[in-house]
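Examination of the molecular architecture
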Amino acid sequence: MNAVLVLTITGLGLSALYFLVAAGLSLIFGLEDVLNFAHGAFLSVGAYAAWWASQHLFRFADPARFTLALVFALVVGAVVAGLVELLVVRPLYGHALQQVLVTVGLALALSALIQGGWGADARAFWVPRALAGTGTVLGARVALSSLLTVAVALAVLAALELFLHRTRYGAVIRAGVENREMVAALGIDVRRAFTVVFCLGGMAAALGGALTGVYYGSIDPSQGPSLLIFAFIVVVIGGLGSIAGSALASLVVGLLQQFVNYYAAPGVGDLAVMLLLALVLLVRPWGLGRGT
Amino acid sequence: MGAGKGDLKVPSARAVQVVRWAGLAVGVAAVALIPFAPIGVPGLFQAPLSSPGTLQLLATLLVFGATALTYDLQFGFTGLLSFGHALYFALGCYVTTVSVTRFHLGLGPAMALAAMAGLVVPAALGAVCLRTRGIAFAMVTLAFAQALSIAVLDDPLHLTGGSVGLPLDSTRLPRAFVGVFNTANLYWLAAAYAGLVCLTSWWVLRSSPGRFWRAVRDNELRVDLMGLRAFWFKLMAFVVSSFLCTLGGAVYAVVLGQATPDVTTVDFTLALLVMVVIGGTGTGWGAFLGGVLYTYLDDRLNQVAAAPAISHLPPVLELPLSQPLFILGAIFVLMVLFFPHGLAGLMPRSLAQNARRRLGELVVGASRGQ
Amino acid sequence: MRGEAAPPRLQVRDLRVWLGESEILHGVGFSVAAGSITALIGRNGAGKTTTLRGIIGLARRRGQVVLDGEDVSTQPTHLVVRRGVGYVPEDRGIFSRLTVEENLRLAVRGREPQLRLVDELFPDLRRLRHLRAGTLSGGQQQMLALARALVIRNRLLLVDEPTKGLAPRVVAEVVEVLEKTATATTLLLVEQNLPVVSRLAREVVVLAEGRVSYTGPAADLLSDPVRTRALLGVAGGRETAP
């Protein structure tokens, strides 16, 4: 029973990381038809930004230092993603394939840059003492870092849902996912929504990067690309352009992976996820979320 | 060739043919004779062409050039964007290596086994994956490739050597492929593979299936409406391309002397995609050129990065320039933004054709005994 | 007949529009007087929808699109629209996963919304405002699409086949709404239903294969069955008016 609970919570932590990457991917694809390969790099950018900030903010006390590091990651993520959209993706608007290609190139270049700057080896990620230990949930000892990751992902989910459903910009984005042309035909500059969505996605991914450091206790340049693949799977299973779908799919993927890896053999869980994706796509080629 | 005899008015068509074949013959001869050429090409290669180090690099260039061409067959000519082409390269690489090293097969049977796998696996997976299209196709091919990559890396059956890779047991290899002094043979193997891929692609693309591939790429619906099922043409392109790619993996295992998990990853597929786009999508020769260029730059930039000229630069410049993948990625982004047709698109077609015709007229004129 | 002396609200000159690589309109020209309803008619594939899309820049275009004396042909869609153009596409362009209210709100920008007019013309929508637009019936969706174009004061409405696929009773409702609308704004209407055209439109522009084949008073054309048949391939339909 305890094992199940521990596995569930670590699995949820993984789900949370997947969701943070997948949320932005899903919105970007839903609105702009861009499969953003650079999203993994946004995650790495966030992870290294948070790490760098935590190394340079010694004079702040524990919670403030950690919070500031997260905020710094958010800002850097938003800026990098926004610049990518403005400088590289926007000029290719209307050429969906070239947009995908350009993000592939960016993913290569950005992750090479990070490797150049901080090396390919893992770096220990600083976590405040209050979060480093374990806590007791229903009698089971679970890592606080997992709980924090889940809590942050839930907060991001709530914030995104509020933004999408309670603000005018959110309505513009949801409308754009359905019919970009008609949004423009109502006199709205839909391209501005593209930049906003890239920034939001970049922020969520950067936060995911910082939390990857918290969750694993260390960061390295390969985390972004490998999380990206699972996030792709989450997005496809959850339905492109649907935040709720992504949340649900990341739950399924994270838990499946964690449990199968534990009870079968390490690696089998990853295989199970691939198989799940293949099955979903073959049964419903457009994922579970979108009803077309 | 006899048909054009006495047709004095239009020598150019025939002349072009003559020049084309002559050029091809010279090119093939040049590629074949490189191991006998102790010529240095300063700036391009550090050692003479016939030195083992350079031959090894040239062999790698040929293998990746040809593999990029196999990717172009399905991506550029048929419009199938797969994120799982690495699977087939890895299949060839690992089936060959595992058969030789773990099951003590000879190299011939091992490669035959790889070739068989290279037909069966893409036929089966292609039939499944091609039920989807577009992004879904890209994702489902990615999933299968990723599954193999995980299996290779985790190595539950203790066959693949995990993240270290698996050396090809040299005691089981024909002696011609063992040792530094036989690098020329590895080079010729790679050249033969490249020749096979070029020839097959040329032949398939000229014949009617190849024309249908392009029709499917341009307008799948129309092919379906013609009463021909686009599915079968796509599957055919997928199998032909993946089969040739599997052979490339097998050859690469021999050239490198080992199987490395690097070729199983999605990064390897992305590298192929980059090669094709840099060279020019849907041109064939552009993809080959792109593959050669990418591999060359990847190799050379690693050495350049370590060069004192770079390491003495201020960090702002030194950091990006010391990363070959950064330079390649940046080149790629710039190509996509500013030269979407790749290197092939940079070469004005009329220029090349005119040059060839001119040359042809001169040759034919000279051969008439003027 | 008050529009007679006014300058044209919309003037289209030598408009060429492309869909992908193929040129669909080969130099279309016509004008729409302020405060009138002009119908754009023609056989299927003549380029009617493409003309509307070209006017607001949803398709690649060349030529002049002059709105109250100002050429807007080089501007992107959202800027053309902001000059006071409302567009109701053939498929209605409803955001089916947004509520009725959200659909309406998206159309409101800066200016004071004409909520009273909308409530007056579409009494049903108020009741339905919290429903997802996708759950509405075809007629209700058409009403929503029209309401969305009317919720702010537009100078020109481009309406593409508003009666297509609707039951006769609903067609009559739509026609009534359009009639009322025309008292406040100018309409360019694509319509296949000739009885509707003859009831609403004062002027008609006939398109054939990407070119204008006739412009003039609607009554002149539709009262001449021979000519109507020659231009449109169907008989004029005065006798089956709704």
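Up top is the structure these notes are about.
Summary of the structure given here.

**Quick word on the packing of aromatic side chains**
The full count for this structure, using the stated rule, is 22 aromatic pairs over all chains. Relative to Y263 of chain A, the ring of Y262 of chain A has its centre 5.0 Å away and its plane inclined at 90°; by these criteria the two rings are edge-to-face. Residues Y262 of chain A and Y263 of chain A agree in their burial class; the two are exposed. Relative to Y252 of chain B, the ring of F89 of chain B lies with its centre 5.5 Å away and its plane at 50°, an arrangement referred to as tilted. A residue pair is termed long-range when its members are at least 10 positions apart, and F89 of chain B in helix 3 (residues 86–101) and Y252 of chain B in helix 9 (residues 230–256) qualify at 163 residues. Since its relative accessible area comes to 0%, F89 of chain B is described here as buried. One aromatic cluster in this structure is built from F64, F89, Y252 and F268 of chain B. Looking at R65 of chain A, its charged tip hangs above the ring of W126 of chain A, at a distance of 3.7 Å from the centre.

**Quick notes on the interface of chain C and chain A**
Accessible area lost upon the coming together of the parts serves often as the stated size of an interface. At the interface, 22 residues of chain C touch 18 residues of chain A. With both sides pooled, the region where chain C packs onto chain A buries about 1,800 Å², and carbon together with sulfur makes up 55% of that total. Among the residues chain C hides against chain A, the three largest losses belong to F95, R97 and L106 of chain C. Together they make up 35% of the total. Counting across the chain C and chain A interface gives three salt bridges. The salt bridge partner of R174 of chain A is E102 of chain C, with a shortest N-O separation of 2.5 Å. Our count for the chain C to chain A interface comes out at eight residue pairs in polar contact (both at pLDDT 80 or more). Among the elements of the structure, helix 2 (77–82) and helix 3 (100–107) of chain C are those that each provide at least two residues to the side of chain C that touches chain A. Its residues assigned to classes, the side of chain C that touches chain A shows 11 nonpolar, four polar and seven charged.

**Structural notes on the interface of chain A and chain B**
Taken together, the contacts link 35 residues of chain A with 34 residues of chain B. Each partner contributes to the roughly 3,100 Å² buried at the junction of chain A and chain B, and carbon and sulfur atoms together form 88% of this total. Along the contact surface separating chain A from chain B lie zero salt bridges. Between the two partners, chain A and chain B, sit zero residue pairs in polar contact (both at pLDDT 80 or more). At the level of elements, helix 4 (96–118), helix 10 (223–238) and helix 12 (268–283) of chain A are the ones that each hand at least two residues to the side of chain A that touches chain B. Residue composition of the side of chain A that touches chain B, grouped by class: 28 nonpolar, six polar and one charged.

**Structural notes on the environment of F45 of chain B**
Residue and element names in this part refer to chain B. Residue position: F45 is located in the loop between helix 1 (11–33) and helix 2 (52–75). On a C-alpha basis, the gap between F45 and R300 in space is 8.8 Å, while along the polypeptide they are 255 residues apart. Excluding residues that lie within four positions of it along the chain, F45 makes contacts with T54, L57, L58 and Y296.

**Examining the pairing of strand 3 (residues 37–42) of chain C**
Residue and element names in this part refer to chain C. Burial runs high along strand 3: six of the six residues are buried. Here strand 3 shows two buried faces, one formed by I37, A39 and I41 and the other by T38, L40 and G42. The pairing of strand 3 with strand 8 (residues 186–190) spans four bridges and is parallel. Looking across to strand 8, one finds that I37 is bridged to L187.

Conventions used here
Residues numbered from 1 in each chain as written. Chains lettered and ligands numbered in written order. Predicted model: local features only at pLDDT ≥ 70, side-chain atom pairs only at ≥ 80, totals over all residues. Heavy atoms only, no water. Phe/Tyr/Trp six-rings, centres within 6.5 Å; stacked < 30°, edge-to-face > 60°. Buried < 20%, exposed > 50% of the residue type's maximum accessible area, 1.4 Å probe, protein only. Helix = DSSP H or I, 4+ residues; strand = E, 2+ residues; numbered from the N terminus. Lys NZ or Arg CZ within 6 Å of the ring centre and 35° of its normal. Contact = heavy atoms within 4.5 Å. Buried area = accessible area lost by both parts, 1.4 Å probe. Salt bridge = Lys/Arg side-chain N within 4 Å of Asp/Glu carboxyl O. Polar contact = N/O pair within 3.5 Å; in protein donor to acceptor, adjacent residues only side chain to side chain. Nonpolar A, V, L, I, M, F, W, Y, C, P; charged D, E, K, R; others polar. Pairing = 2+ DSSP bridges.

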